2 protein chains.
Amino acid sequence: MQVGIDIGGTRIKGGLVNDLGSIIYSLEIDTEAEKVYAEVLENIFSLIDRIFSFALKNNIALNSIGIGIPGLADPNSDWAIYCTNLNWNNVPLGIDIKNMYHLPVKISNDATVACLGESICGITKDSSNSLFITLGTGVGGGIIINDKLYFGSNGVGSELGHMVVGENFYNCSCGKNGCWETFVSATALVKYGKYLLEQGLDSRLSSVKMSTRDIFDWAQKGDPLALEITKRFVKYLSIGIVNTINVIDPSIIAIGGGMAHGMKFLLSDIQDEVSKNILYKTLPYGEIKISQLINDAGIIGAAMLHKLI
Amino acid sequence: MQVGIDIGGTRIKGGLVNDLGSIIYSLEIDTEAEKVYAEVLENIFSLIDRIFSFALKNNIALNSIGIGIPGLADPNSDWAIYCTNLNWNNVPLGIDIKNMYHLPVKISNDATVACLGESICGITKDSSNSLFITLGTGVGGGIIINDKLYFGSNGVGSELGHMVVGENFYNCSCGKNGCWETFVSATALVKYGKYLLEQGLDSRLSSVKMSTRDIFDWAQKGDPLALEITKRFVKYLSIGIVNTINVIDPSIIAIGGGMAHGMKFLLSDIQDEVSKNILYKTLPYGEIKISQLINDAGIIGAAMLHKLI
């Protein structure tokens, strides 16, 4: 069996996954991202220790450890190159874990890993070419081409959040203006909400504690400001989806990440908007769907990294 | 040997291509795009007749005919689905040519075909993953992934010109606002030039006979309006290139089409602008180059359609 670890900015999730992609055992702990790398690594070790302990008690043989990180990994060296949320810059994560547990280790980006999980036993499992979009604090992506994860020539592709799709009232953290992430991430929706409140628009949304959950709840209750936020969200989410269809033409576009399930009530609006803006209106194009695995895609995909790349 | 035909809105080019991708014989005629399909088809027949006559005189055996069209082809039925410049809408081009010449026929989009030509014996020939951008009246594209042309799941991908990259002062012919083609095509540059002249900007460029050649010539002589046009061209060309790197991360981004050679003086500005806007500034990414084959990519790529897809 394989160990899958999904390291997020807030929580670290881990589990034991069998060859079919089913989770046999899982648990999670706080990341404590504010601490230095060595201390976060201790947290990861403590979680893996508990998985090893469970495996030992149940006579389960472990073959490998796969890890999803919220940033960029070097597939050749097992170093984590950048993880902004964790303040990691070139840390030897894969090497440290390999030295501790004496098992093969693979690391990849969390959106890539979730994309792999969905393609093994989730919404994209019957699709040779699929696109996976994660909507959360930021926007990430994963691409499956010809039944395999696609990493590009330099391992810097599927960074869908930094595709420029328009002009925005604030710049992206990457320095550019108009990145998709600044229109459709959770951060972007809250920023736009606060921006509208500052313009004096009346709303039941408070600027102090605004979350995407509040925005989606109040939009469904008809709050004009929340509706303005979701209208813009639908517009720009659709622009980015049509862009990806115009480039790689996947058979399924799956939406995952923390926002995916809360936005289900907007799915038909998004599908309508895409159908209006698609280039060849009489020809088929990829279906837009919400991901299936929710919180498990990261653990399953990480565990399966050894099997499928 | 293979016959390759490159149908454009103005001229039809054709030739005989050997297995190494070298053109042995070529010629071209006017398309007469204003005429109906049956008459344009007669022009195509007259050109193929001359190629067959040359082959007969020189004892050359012909194996297949490949065709590039300025629009969308159905790879399964050999129909041309859309060719806006030729006013074609579902015409049985491949079937008509097959019935006339009794050879296997394949049809594909002209940018896809040029992409294939460059990958066989042009600028992208050593690259497993490459992107080919054609800049001309419109903007097209072709994608090579794992050494093969990539057609996507529904044959509607690599339509790079309709990727939304910003907000523009006029809408695209497809109905959307902000398509890449409305910022960086020859049409777009002339439109922007005329728009600036209407704003009263002084220039040696005349609104009556403005071409991209005039714009590039006067920009190199320091005309302020021509410089403003090329500045905006560099900005948006770079935004689109960075978008494609952020999605598919090719090892080479090759620029072809009618504008490619005239814009060589802007290449280093484009490379600088891309390097400023790339997401991972310390990591390698695809090189940006001007295509090599110029006018021959279409004939070579069309002829090789039978060999390589």
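The rules behind these values
Residues numbered from 1 in each chain as written. Chains lettered and ligands numbered in written order. Predicted model: local features only at pLDDT ≥ 70, side-chain atom pairs only at ≥ 80, totals over all residues. Heavy atoms only, no water. Core = buried A, V, L, I, M, F, W, Y, C linked by side-chain atoms within 4.5 Å. Buried < 20%, exposed > 50% of the residue type's maximum accessible area, 1.4 Å probe, protein only. Contact = heavy atoms within 4.5 Å. Least-squares fit on C-alpha atoms with pLDDT ≥ 70 in both. Pairing = 2+ DSSP bridges. Helix = DSSP H or I, 4+ residues; strand = E, 2+ residues; numbered from the N terminus. Axes fitted to C-alpha atoms, helices over the stretch in contact; angles between N-to-C directions. Buried area = accessible area lost by both parts, 1.4 Å probe. Salt bridge = Lys/Arg side-chain N within 4 Å of Asp/Glu carboxyl O. Polar contact = N/O pair within 3.5 Å; in protein donor to acceptor, adjacent residues only side chain to side chain. Patch = residues over 30% accessible without salt bridge, like charges linked within 9 Å, V, L, I, M, F, W, Y side chains within 5 Å. Areas by Shrake-Rupley, 256 points an atom, 1.4 Å probe, with all protein chains shown as cover. Lys, Arg positive; Asp, Glu negative; His and termini not counted. Charge placed at Lys NZ, Arg CZ, Asp CG, Glu CD. pLDDT = per-residue confidence, 0-100.

Caption draft 1: Layout of the nonpolar core. The biggest cluster of nonpolar side chains holds 111 residues, and the ones touching the most others in it are I241 of chain A together with I241 of chain B. Dropping the residues within four chain positions of it, I241 of chain B is found in contact with I133, W180, I253, I255, I270, V274 and I288 of chain B.

Caption draft 2: A look at the relation of the copies chain B and chain A. Overlaying chain B with chain A gives an RMSD of 0.0 Å, the required rotation being 180° about an axis along which the chain moves by 0.0 Å. What the rotation and shift describe, once combined, is the action of a two-fold rotation axis. Taking the C-alpha atom as reference, chain B places G166 of chain B closest to the rotation axis, 1.9 Å from it. A share of 100% of the interface residues of chain B reappears at the interface of chain A, consistent with the copies meeting face to face through the same patch.

Caption draft 3: Just the sheet that holds strand 2 (residues 11–17) of chain B, in detail. All names here are of chain B. Pairing is mixed in the open sheet, where 5 strands are placed in the order 3-2-1-4-8. At either margin of the open sheet sits one strand with a lone partner, and together these are strand 3 (23–30) and strand 8 (105–109). Along the sheet, successive strands turn relative to each other by an average axial angle of 15°, direction set aside. Strand direction decides the pairing type here: strand 1 (residues 2–7) and strand 2, joined by 6 bridges, are antiparallel. When the bridges of strand 2 are listed, V3 appears paired with L16. Contacts from helix 3 (residues 110–121) reach strand 1, strand 4 (64–69) and strand 8 within the one sheet, and its direction differs from that of strand 8 by about 105°.

Caption draft 4: View of the interface of chain B and chain A. Between chain B and chain A, the contact holds 44 residues from the first and 44 residues from the second. Across the chain B/chain A interface, buried area totals approximately 3900 Å², and carbon plus sulfur atoms make up 56% of it. For the pair chain B and chain A, the interface holds 0 salt bridges. At the surface where chain B touches chain A, the tally comes to 28 residue pairs in polar contact (both at pLDDT 80 or more). Elements with a minimum of two residues in the side of chain B that touches chain A: strand 10 (139–145) and helix 7 (224–248) of chain B. Residue contributions to the side of chain B that touches chain A peak at 8 residues, all from helix 7 of chain B.

Caption draft 5: Looking closely at the pairing of strand 8 of chain B. Residue and element names in this part refer to chain B. With respect to burial, strand 8 is a largely interior element, 4 of its 5 residues being buried. Where strand 4 lies against strand 8, 5 bridges are found, and the strand directions are parallel. Each bridged residue has a counterpart across the sheet, and for I69 the counterpart in strand 8 is N109.

Caption draft 6: Quick peek at the sheet that holds strand 9 (residues 130–135) of chain A. Residues and elements named next belong to chain A. With mixed pairing, 5 strands are arranged side by side in an open sheet as 11-10-9-12-13. One side of each edge strand has no neighbouring strand; the edge strands of this open sheet are strand 11 (148–149) and strand 13 (287–290). Strands in contact with helix 3 (residues 110–121) are strand 9, strand 10 (139–145) and strand 11; relative to strand 10, the strand with the most contacts, it is inclined by about 45°.

Caption draft 7: Focus on a negative patch on the surface. On the surface, a cluster of negative charge is made up of E34, E39, E42 and D49 of chain A. Assignment of secondary structure puts D49 of chain A in helix 1 (residues 37–57).

Caption draft 8: Molecular detail of the confidence of the model for chain A. All names here are of chain A. Per-residue confidence for chain A averages 93 on the pLDDT scale, and 99% of its residues sit at or above 70. The least confident element of chain A is helix 10 (residues 305–308), whose mean pLDDT is 79; the most confident is helix 8 (residues 267–277), at 98. The complex model carries a pTM of 0.93, and its ipTM stands at 0.92.

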